[in-house]
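Residue-level listing of the chains:
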Amino acid sequence: MQGLPKFDDPNLSVVRTVDFGTLEAGAGVQTRTITLTNTGSTQALDISANGLEGVDAARFSVSALPDSLATGETAEVTVTFDPGDSEGRSTAVLALSLI
């Protein structure tokens with residue numbers, strides 16, 4: 001009898017939340033770097049960005065995403081936030097399609 005197949009290949013490992021902390025209005029553009037990693041063992045991970053979503057999405061931007069990550073490969077992506085003169089919490093979601 002064989003076990004069920006594992007569906008962890010390819011597999012994207014990434015920090016789920018990027019926190020820009022508490023910023024004063026007019027603080028200027030802020031950047032953070034996140035790392036994408038294919039932790040799968042045999043298959044490349046194909047990535048397609050669906051874009052930033054949410055009420056505050058226009059305040060955020062993301063550098064170019066890789067089209068693909070080979071097994072064990074990592075890529076750094078820069079997330080930029082411009083608070084402008086706004087106050088309060090700002091949130092957005094980066095939607096990715098993984099193939």
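For the structure given in this document, a descriptive report is provided here. (Residues numbered from 1 in each chain as written. Predicted model: local features only at pLDDT ≥ 70, side-chain atom pairs only at ≥ 80, totals over all residues. Heavy atoms only, no water.)

## Digging into the sheet that holds strand β3 (residues 45–53)
- Pairing is antiparallel in the open sheet, where 3 strands are placed in the order β5-β3-β7. Each edge of the open sheet is held by one strand with a lone partner, namely β5 (68–69) and β7 (93–98). (Pairing = 2+ DSSP bridges. Helix = DSSP H or I, 4+ residues; strand = E, 2+ residues; numbered from the N terminus.)

## Here we look at the nonpolar core
- Ranked by size, the top nonpolar core spans 14 residues in total, and within it L36 and L69 carry the most contacts.
- Once residues within four sequence positions are removed from consideration, L69 is found in contact with L36, T37, N38, A44, L45, I47, T74 and A75. (Core = buried A, V, L, I, M, F, W, Y, C linked by side-chain atoms within 4.5 Å. Buried < 20%, exposed > 50% of the residue type's maximum accessible area, 1.4 Å probe, protein only. Contact = heavy atoms within 4.5 Å.)

## Looking at the sheet that holds strand β6 (residues 74–81)
- In space, the 4 strands of this open sheet follow the order β1-β2-β6-β4, with antiparallel pairing throughout. Lying at the two open borders of the sheet, with one neighbouring strand each, are β1 (12–13) and β4 (60–62).
- Here β1 runs beside strand β2 (residues 30–38); their pairing, made up of 2 bridges, is antiparallel. Among the inter-strand pairings, L12 is bridged to a residue of β2, identified as N38.

## Side note on the pattern of salt bridges
- Within the structure shown, the criterion is met by 1 salt bridge.
- Across the pair R59 and D56 runs a salt bridge whose closest N-O atoms are separated by 3.4 Å.
- For R59, a relative accessible area of 29% translates into the label partly exposed.
- Relative accessible area serves as the criterion here: at 15%, D56 is assigned to the buried category. (Salt bridge = Lys/Arg side-chain N within 4 Å of Asp/Glu carboxyl O.)

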